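Read off the chains here:
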Amino acid sequence: MKTKPTRRKLKAASPAPEETPSVAEAARESSSPFPIVGIGASAGGLEALELFLANVPAESGMAFVIVQHLDPTHKGIMVELLQRGTAMPVVQVKDQTRVKPDCVYVIPPNKDMSLLRGVLHLLDPVAPRGLRLPIDFFFRSLADDQQEHSIGVILSGMGSDGTLGLRAIKEKAGVVFVQDPASAKFDGMPRSAINAGLADVIAPVETLPGKIDAYLQHAPLIAKPGLASEDKTQSGLEKVVILLRSQTGHDFSLYKNTTIYRRIERRMGIHQIDKIATYVRFLQENPQEVELLFRELLIGVTNFFRDPAAWEQLKDEVLPKLLSGRNTNQALRAWVPACSTGEEAYSIAILFKEALDQIKPARNVTLQIFATDLDHQAIENAREGLFASNITADVSAERLSRFFNQVDRGYQVTKSIREMVIFAPQNIIMDPPFTKLDLISCRNLLIYLTPELQKKLLPLFHYSLNPGGFLYLGNSETIGGFDNLFAPLDGKARLYRRIEAGLQAEPIEFPASFVSRPVAQSQEPKPTANIQTLAEQLLLQTFSPAAVLTNDKGDILFISGRTGKYLEPAAGKANWNIFAMAREGLGYELKMTFQKALHQKESVTLKNRVVGTDGGTQLVNVTIQPIREPESLRGMVMIVFTDMPTPPAPKRTGKPPRRVIANSARVAELERELNQARHEAQTIREEMQSSQEELKSANEELQSTNEELQSTNEELTTSKEEMQSMNEELQTINHELQAKVDELSRINNDMKNLLDSTEIATLFLDNALCVRRFTNQTGKITRLLPGDIGRPITDIASALLHPELADDAREVLRTLVSVEKQIATGEGNWYTVRILPYRTLENFIDGVVITFTNITVSKTL
């Protein structure tokens, strides 16, 4: 008799400090106490299903839900066929069927199926037959219901159904098992999952049940109370982050702990590793596993028009406002950080095209979208704009026909939409942001980052947006306490408009300083502030002068108080150097005094400087103090701004002349001497007045020249920053253009080798019947040379006894009907000549294709 194997019951992980109780409770309620395994296969995958179930123990403690592509017009016998090979009961699902362990559930024909709190619900399919994706539909609901406990299995099947659902499972930190394509009768679905980078385990179908069981036996790293805070476990997790940073160059210490813990736990479960220290050693010995873990941390679900209601509000409310404020021939600028494979960026481009079409009269306004991501492979895939055919679940038929071209591997975004988007690798935590933007779409990124990093990114987004620009967040994200920077729009969508706000008395940090904190920090309770502490904080905020802390190069590290009267951000790419931000009247003198203070290693004060503020001037004393203590701040510089009162106009005072009493003779003599002295004094006064006026004039000229030089220097600094920003954008564009050139070169090489391998003479002509391209075999029929490209076909000598070849080509261009004839040459050879219209991917006629097939052998038989 078989004994039931010991199996742990799945429990939801303890909620992270960042999660709200409602979210954690919902996750606990939705997750089942036993594993529910979703299996996707096509109708032709019966053999794989039977082999899979035959290797599952009768009392495995798992429930299996099978979703297939079934003919909606025929009664299925799948239940009877599967029941022959397994001792577990196999049933066809009815609406509101509660899932039980050690049972197999099969979807009925012509139904979609969803899972909610362990209960299966049936729905009538909305999509027409041929476009239904029941596996994707169920896998998405499985991910939402089971969260990190979701398990998806892909077996033999055609097409790509299931790939989008597996993305949802991976986003929730679930696990994916895929049948080895070499053992699959139909390898389309397994290869689609593998090519998308979603497969955790790839193995023959008969071994998959054992691997699932082994994975479930792995004890979770963070399910045990208090384990995550133990010194050894915490140290091991920090070492994993260090190894990731060392090999990939990306620091994950600012990601939420629960996100990293669950991804690491999954990888440990797949490799059957129970201790974090063992996994660290495994990473050190297997650099490829570091790359796999890196990609695991980057997994994110992205779909076209995810959350349709929010996208409709973006189209109906946001884009019209942006377009109404733009003149003809002006460009809008948008940024999509963490764009993954590009669905979100292309969705914005499509909505922009639709919104632009609704403007009457038509206007020539363009949109430039910058889409960035950490994952270089995802960026390469996004540039290609090629998506599996299952995007029909998210994109309407009208949009598919207008903005996509159907190709062999699915659908490709049209060239006009692809040209609106520039894809480039970028680390939003380390690299400078894009600026002068009208729209930032940062959806479902902030939820993976720590609250500290979120508080740094949101002011960064505010800085990057133009006045009146918009911020678009995911449904689970908010602006937190930054309601002084962004105002929400009406509706449930996370759409916010940028509002003006003065510089706050808080630190302002940019990407270079985001990663200055340690890998992990202990969560210690903050001490309760007493009256003295609160009073001191109030005094500092209210009465202390404005000050800035910089490094020895003048780069701002910290701002205290309101410094807007003395500093202002430079236009273009973000530059937080104090010399670039200094207002008129401070720039040159501030830099000289700064260097003097560093050289003398003592405090230096720049007194009574007239600073140009918005609409006036202010008299300021600037004290520059190199810091020696404490040790952690040594080498930094504190710059303090103190407003000075305007001095009152000087009052003229004089002493009355001293009168001398003497006899009349003496008085007369003194009067003569006094008059002479007055005359001399008047002469001297006039000369001094003249000299003062000359000095004043010279001083004014010098001040004017100095101010002009300062203004020129500030303009040059601003221009330099703008040029740097433009240069970075040009480098991004050049990077993408180079990728397209390489792709075009590969395509040309493939085309040449294909044409040469057929050994069929082929001639390409444009609409004017001029030679565009030809294969080497064509030289046996016509005397074409490489220099003949661009010449009319009528100028080329031919061995064919058919002077009407050009007329036949013109007829094909006129009627778009192909022509086929058998024509002899002067040497007695025979050829079948076929003339067809040359169609582009956009279904335009751009010439003709002529093929010459040698049929001499068949003619002579």
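The rules behind each value
Residues numbered from 1 in each chain as written. Predicted model: local features only at pLDDT ≥ 70, side-chain atom pairs only at ≥ 80, totals over all residues. Heavy atoms only, no water. Helix = DSSP H or I, 4+ residues; strand = E, 2+ residues; numbered from the N terminus. Buried < 20%, exposed > 50% of the residue type's maximum accessible area, 1.4 Å probe, protein only. Contact = heavy atoms within 4.5 Å. Areas by Shrake-Rupley, 256 points an atom, 1.4 Å probe, with all protein chains shown as cover. Salt bridge = Lys/Arg side-chain N within 4 Å of Asp/Glu carboxyl O. Core = buried A, V, L, I, M, F, W, Y, C linked by side-chain atoms within 4.5 Å. Pairing = 2+ DSSP bridges. Axes fitted to C-alpha atoms, helices over the stretch in contact; angles between N-to-C directions. Parallel < 35°, antiparallel > 145°, perpendicular 65-115°, else oblique. Left-handed = near helix turned anticlockwise from the far one by under 90°. Phe/Tyr/Trp six-rings, centres within 6.5 Å; stacked < 30°, edge-to-face > 60°. Lys NZ or Arg CZ within 6 Å of the ring centre and 35° of its normal. Arc of directions from axis to C-beta. Polar contact = N/O pair within 3.5 Å; in protein donor to acceptor, adjacent residues only side chain to side chain.

1. So, the overall build of the protein
Across its full length, the protein holds 23 helices and 30 strands. When burial is assessed residue by residue, the protein has 45% of its 861 residues classed as buried. Expressed as a percentage of contacts within the protein between residues at least 6 apart in sequence, the contacts between residues at least 24 apart total 66%. Carbon and sulfur atoms provide 52% of the accessible area of the protein, an area that totals close to 45,800 Å².

2. Comments concerning the pattern of salt bridges
Scanning all chains against the criterion turns up 20 salt bridges. Among the ionic pairs, D846 bridges to R772, the shortest N-O distance being 3.2 Å. Taken together, the residues D846 in strand 30 (residues 845-854) and R772 in strand 27 (residues 771-774) connect sequence positions 74 residues apart. Taking the relative accessible area as the measure of exposure, R772 reaches 29% and is therefore partly exposed. Of the charged contacts, one joins D807 and R810 as a salt bridge, the two residues approaching to 2.9 Å between their closest N and O atoms. With D807 and R810 both in helix 22 (residues 805-815) and 3 residues apart, the pair spans about one turn of that helix. Within the structure, one salt-bridge network assembled from shared partners comprises K315, E354 and R399.

3. Things to note about the nonpolar core
Counting residues in each nonpolar core, the largest one holds 47 residues, and the members touching the most others are I369, F404, V421 and F423. Ranked by the residues each element gives to this core, the list is headed by helix 13 (residues 343-357), at 9 residues. With 46 residues, the next largest nonpolar core counts L374, I422, L460 and L471 among its residues.

4. Some words on the sheet that holds strand 3 (residues 90-92)
If you trace the 7 strands from one edge of the open sheet to the other, you get 3-5-2-1-8-9-10, paired in parallel fashion. This sheet does not close on itself; its edge strands, each paired only once, are strand 3 and strand 10 (201-203). Neighbour-to-neighbour, the strand axes of this sheet turn through a mean angle of 20°, independent of strand direction. On the sheet, helix 7 (residues 208-217) packs against strand 1 (36-41), strand 8 (151-154), strand 9 (175-179) and strand 10 and is oriented at approximately 165° with respect to strand 9.

5. Looking at the sheet that holds strand 11 (residues 331-336)
An order of 16-12-11-17-18-20-19 is seen for the 7 strands of this open sheet, with the pairing classed as mixed. Two strands close off the open sheet at either side, each with one partner strand: strand 16 (421-425) and strand 19 (486-488). Looking at each pair of strands side by side, their axes are set apart by 20° on average, direction ignored. Bridging between strand 18 (residues 465-473) and strand 20 (residues 495-498) involves 3 bridges; their strand directions are antiparallel. Bridging across to strand 20, F470 finds its partner in R497. Contacting strand 11, strand 17 (437-442), strand 18 and strand 20, helix 12 (residues 308-324) runs over the sheet at an angle of about 175° to strand 18. Sheet strands in contact with helix 13 are strand 11, strand 12 (366-373), strand 16 and strand 17, and its direction is about 170° off that of strand 12.

6. Thoughts on the packing of helix 9 (residues 257-270) against helix 11 (residues 287-298)
Closest axis-to-axis distance for the helix 9/helix 11 pair is 10 Å, and the angle between their directions is 135°. The pairing of helix 9 with helix 11 is recorded here as oblique in orientation. Viewed along their axes, helix 9 and helix 11 form a crossing whose handedness is right-handed. Across the interface between the two elements, T259, I260, R263, I264, R266 and R267 of helix 9 pack against E289, L292, L293, E296 and L297 of helix 11.

7. Section: the packing of aromatic side chains
Scanning the entire structure with this criterion turns up 17 aromatic pairs. Both rings, one in F304 and one in F387, keep their centres 4.9 Å apart while their planes meet at 80°; by these two values the pair is edge-to-face. Pair noted here: F304 is in the loop between helix 11 and helix 12 and F387 is in strand 13 (residues 386-387), with a separation of 83 residues, a long-range link. The class for F387 is buried, based on a relative accessible area of 7%. Between Y346 and F387, the ring centres sit 6.1 Å apart and the planes meet at 85°, which makes this aromatic pair edge-to-face. With Y346 in helix 13 and F387 in strand 13, this residue pair connects regions lying 41 residues apart in the sequence. With respect to burial, Y346 and F387 carry one shared label: buried. It is R772 that lies over the ring of Y838; its NZ or CZ is 5.1 Å from the centre.

8. Quick notes on helix 10 (residues 276-285)
Every buried residue of helix 10 is listed here: I276, Y279, V280 and L283. For helix 10, the buried positions fall inside an angular range of 105° around the axis, keeping them on one side. Within helix 10, the exposed residues directed more than 90 degrees away from the buried face are A277 and E285.

9. As for the packing of helix 4 (residues 134-146) against helix 5 (residues 163-171)
Contact geometry for helix 4 and helix 5: axes closest at 7 Å, N-to-C directions at 5°. When the interaxial angle is binned, helix 4 and helix 5 end up roughly parallel. Between helix 4 and helix 5, the contacting residues are D136, F139, R140, L142 and A143 on the first element and T163, L164, G165, L166, A168 and I169 on the second.

10. Focus: the environment of D95
Mapped onto the elements of the fold, D95 is located in the loop between strand 3 and strand 4 (97-98). Separated by 24 residues in the primary sequence, D95 and V119 place their C-alpha atoms 8.8 Å from one another. Those residues in contact with D95 that lie beyond four places of it in its chain are L120, H121 and L122. Among the polar contacts made by the side chain of D95, one reaches the main-chain amide nitrogen of L122 at a distance of 3.0 Å.

11. Some details on the side chain of N427
Summarising the element assignment, N427 is placed in the loop between strand 16 and strand 17. Taking the relative accessible area as the measure of exposure, N427 reaches 8% and is therefore buried. In this structure, N427 is in contact with H250 and L374, ignoring residues within four places of it in sequence.

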